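# A look at the structure
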Amino acid sequence: MSGCELCVPADVIAENPLAYARYDSNPLCPGHVIVVPKRHVADFFEMTAAEQAALFALLREAKEKVGKQHSPDGYNIGANVGAAAGQSRMHVHFHLIPRHRGDVEDPRGGIRCVLKAKTVL
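Quick look at the structure, then. In this text, all values refer to a predicted model and were calculated from it rather than measured experimentally.

### A few points about the pattern of salt bridges
Going through the model one piece at a time under the given rule, you end up with eight salt bridges. Among the ionic pairs, Glu15 bridges to Lys38, the shortest N-O distance being 2.8 Å. Remark: Lys38 occurs in the loop between strand E3 (33-37) and helix H1 (49-70) and Glu15 occurs in strand E1 (residues 12-15); sequence separation between them is 23 residues. The partly exposed category is assigned to Glu15, whose relative accessible area is 48%. Between Arg89 and Asp24 there is a salt bridge, with the nearest N and O atoms lying 3.8 Å from each other. Of this pair, Arg89 sits in the loop between strand E4 (74-78) and strand E5 (94-99) while Asp24 is found in the loop between strand E2 (19-23) and E3, placing the two residues 65 residues apart along the sequence. A relative accessible area of 8% places Asp24 in the buried class.

### Considerations on the sheet that holds E1
Sheet architecture is open: five strands sit in the order E1-E2-E3-E5-E4, paired in antiparallel fashion. Across the chains shown, the open sheet's two edge strands, defined by having one partner strand only, are E1 and E4. Between one strand axis and the next, the sheet turns through 20 degrees on average, direction left out of account. Here E3 pairs with E5 via three bridges, running antiparallel. Paired with Val33 across the strands is Leu96, a residue of E5. Against the sheet, H1 makes contact with E1, E2, E3, E4 and E5, and its axis sits at roughly 25 degrees relative to E5, the strand it touches most.

### Regarding the side chain of Arg22
In this structure, Arg22 sits in strand E2. Among the polar contacts listed, one links the side chain of Arg22 to the side chain of Glu5, at a separation of 3.2 Å. Setting aside chain neighbours within four positions, we find Arg22 in contact with Glu5, Leu6, Ala10, Asp11, Val12, Ile13, Val33, Ile34 and Arg89.

### A look at the pairing of E3
Judged by how many residues are buried, E3 sits mostly within the fold: five of five residues are covered. Side chains of E3 alternate between two faces, with Val33, Val35 and Pro37 and Ile34 and Val36 buried alike. Alignment of E2 against E3, held across five bridges, turns out to be antiparallel. Residue pairing for E3: Tyr20 is matched across the bridge by Val36.

What counts and what doesn't
Residues numbered from 1 in each chain as written. Predicted model: local features only at pLDDT ≥ 70, side-chain atom pairs only at ≥ 80, totals over all residues. Heavy atoms only, no water. Salt bridge = Lys/Arg side-chain N within 4 Å of Asp/Glu carboxyl O. Helix = DSSP H or I, 4+ residues; strand = E, 2+ residues; numbered from the N terminus. Buried < 20%, exposed > 50% of the residue type's maximum accessible area, 1.4 Å probe, protein only. Pairing = 2+ DSSP bridges. Axes fitted to C-alpha atoms, helices over the stretch in contact; angles between N-to-C directions. Contact = heavy atoms within 4.5 Å. Polar contact = N/O pair within 3.5 Å; in protein donor to acceptor, adjacent residues only side chain to side chain.

No statement about biological role is implied by the geometric values presented.
Printed below as a string of C-alpha cells:
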C-alpha cells in the first residue's frame, strides 16, 4: 500500500517469508521491537493462519535477540486492533517491549493499565 511505512521493511533484525522484525521507530525503551507481516493487512484477525504463525515465530526470535542484548526482567507483548483500540498505523504489528525491574513504580496490571480507571471488579 502506498505510503505505509510498515510495507517497506527497514532495519530488519529478523525475517521469514511472511513477516519481519525491526526496532520500533518510536521506542518506549532500548530493545523495543515490532514484528510485522509483509503483506499489508490492517486487522490481526484478517491475517492468514500462516501469517499469524510466522509473526509469532519472529516474536520468539526477536525475544532471544533482545534478551541477549538488553537482559530484561520481563516483556510486554501487544497489538492494537482498530482505531478504537488505539491502532494508529493500519498495518498489523506486534510490539515486543523489554521491561526491567524499577522501570515504572508499580508494573502490576501491565498493559491492562491502559484502561485502569475502567477496571471491573
